[in-house]
Amino acid sequence: VDHHWLPDVASTALPDHATTLTLKATSLAKGRKIAFLGGAIGGTKNIAAWCAVIRLLDPKQWFFIQAGVVDRTTLSKNDLFALQDIESDPPENLLIFDHYLKNDSEFNELISISDLIWGIYRDFDRSSNILGKSAMFRKPILVSDKFLMGQRVNEYKIGLAVDENDAQQIAEAMTFLISHPIESEHFDRYSLEHGPKALS
C-alpha cells in the first residue's frame, strides 16, 4: 500500500482583539521567555517531560503556558504523577488553562506571544500542523528525534530534535534555541513547501 503525506497546512488567523487569556499570560510572564504547549493535552504530549523541564529551568528567565483540556485517561503513570505533583505545588512561572480554546485563532495568538513551541510528543510517528504554525509565526520548535517531526525539523532547521525522555537535554536545547535565533529563511522554506500552495 502506498502512503502519501499531505502538507500540514496551518491556519494563521488571529483574533481581532487580544484575548483575556493572552493578556493574562503576558502580564504574568513579565518579560520572561515563554514556552508554549497547547492543544488536546493527552498521552502523546509528554507531560512528564514537560513538568520536569519546568522544574529544571530558571523561573526568573522562563514562563510556561499549558493551554488545552487535559485528558487524564490517556496519560501514563509518570504523566499523572508529574501533573499531580505540579498541580499540588504550582510554580509561579506556569499558567495552566485546562479548558477548550474557543477557536484556532486563540491558539495562534498564544503561539504569537511565545518564544518557543513545545512539540516533543511521545511515541508520535506522524507529523503535525504545529510545525506549520511554528514556521508561519517564526517561532522555534522542539520535537522528538524519533519520528517524522524530528526528520522535518532537522531538514528545515526550524528548531531542534531531542530525546523525548531526557528532560536535561530538552532544557539545554531550549536554552540554546533562545540564545541562537533561527534565520527567517528556514521558517520561510518550510512554510512554502508545507503551506496552502503546496497543498493545492
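Our structure is the block above this text.
Source: prediction; values computed, not measured.

Chemist: Help me out: how do you make sense of empty space enclosed by the protein in this one?
Modeler: In this approach the atoms are scanned with a rolling probe the size of a water molecule, which exposes any empty space left behind. Enumeration according to the criterion identifies one cavity of 30 Å³ or more in this entry. In this structure, the largest cavity occupies an estimated 40 Å³ of space. Lining the largest cavity are Gly119, Tyr121, Phe124, Ser144, Phe147, Met149 and Gly150. Class assignment for the residues of the lining of the largest cavity results in four nonpolar, three polar and no charged.

Chemist: Help me out: how do you make sense of the nonpolar core in this one?
Modeler: Grouped burial of nonpolar side chains is what soluble globular proteins tend to show. Ranked by size, the top nonpolar core spans 30 residues in total, and within it Trp50, Val53, Phe64, Leu142, Ile170 and Met174 carry the most contacts. At the level of elements, strand S1 (33-38), helix H2 (47-56), strand S2 (62-67), helix H3 (77-88), strand S4 (116-119) and helix H7 (167-179) are the ones that each hand at least two residues to this core. For this core, the leading source of residues is H2, giving seven residues. Those residues in contact with Trp50 that lie beyond four places of it in its chain are Ala35, Phe36, Leu37, Phe64, Ile65, Gln66, Leu94 and Trp118. Listed in part, the 28 residues of the second largest apolar core include Leu21, Phe36, Met149 and Phe187.

Chemist: I keep staring at the pairing of S1 and nothing clicks. Help me out?
Modeler: Both faces of the sheet carry side chains from a regular strand, because those side chains alternate between them. Across the six residues of S1, five count as buried, placing the element largely inside the fold. Relative to S2, S1 runs parallel, the two sharing six bridges. Within S2, the residue paired with Lys33 across the bridge is Trp62.

Chemist: Would you take a moment to explain the pattern of salt bridges for this structure?
Modeler: Pairing of side chains with opposite charge becomes possible as their charged atoms draw close. Taken as a whole, this structure holds 10 salt bridges when the rule is applied. Taking the shortest distance from any N to any O, the salt bridge between Arg122 and Asp79 comes out at 2.4 Å. In this pair, Arg122 is assigned in the loop between S4 and helix H5 (130-136) and Asp79 in helix H3, connecting sequence segments 43 residues apart. The shortest N-O distance in the salt bridge between Glu155 and Arg189 comes to 3.7 Å. Residue Glu155 is found in helix H6 (residues 148-156), and its partner Arg189 is found in helix H8 (residues 184-193); the two are separated by 34 residues along the sequence. For Glu155, a relative accessible area of 43% puts it in the partly exposed group. The partly exposed category is assigned to Arg189, whose relative accessible area is 34%. By sharing partners, the salt bridges in this structure join Glu155, Arg189 and Glu193 into a single network.

About the cut-offs
Residues numbered from 1 in each chain as written. Predicted model: local features only at pLDDT ≥ 70, side-chain atom pairs only at ≥ 80, totals over all residues. Heavy atoms only, no water. 1 Å grid on protein atoms, 1.4 Å probe; cavity = no way out; pocket = protein on both sides within 12 Å on 5 of 7 lines; lining within 4 Å. Points joined across faces, edges and corners; volume = space filled by probe spheres on them. Nonpolar A, V, L, I, M, F, W, Y, C, P; charged D, E, K, R; others polar. Core = buried A, V, L, I, M, F, W, Y, C linked by side-chain atoms within 4.5 Å. Buried < 20%, exposed > 50% of the residue type's maximum accessible area, 1.4 Å probe, protein only. Helix = DSSP H or I, 4+ residues; strand = E, 2+ residues; numbered from the N terminus. Contact = heavy atoms within 4.5 Å. Pairing = 2+ DSSP bridges. Salt bridge = Lys/Arg side-chain N within 4 Å of Asp/Glu carboxyl O.

By themselves these figures say nothing about function.
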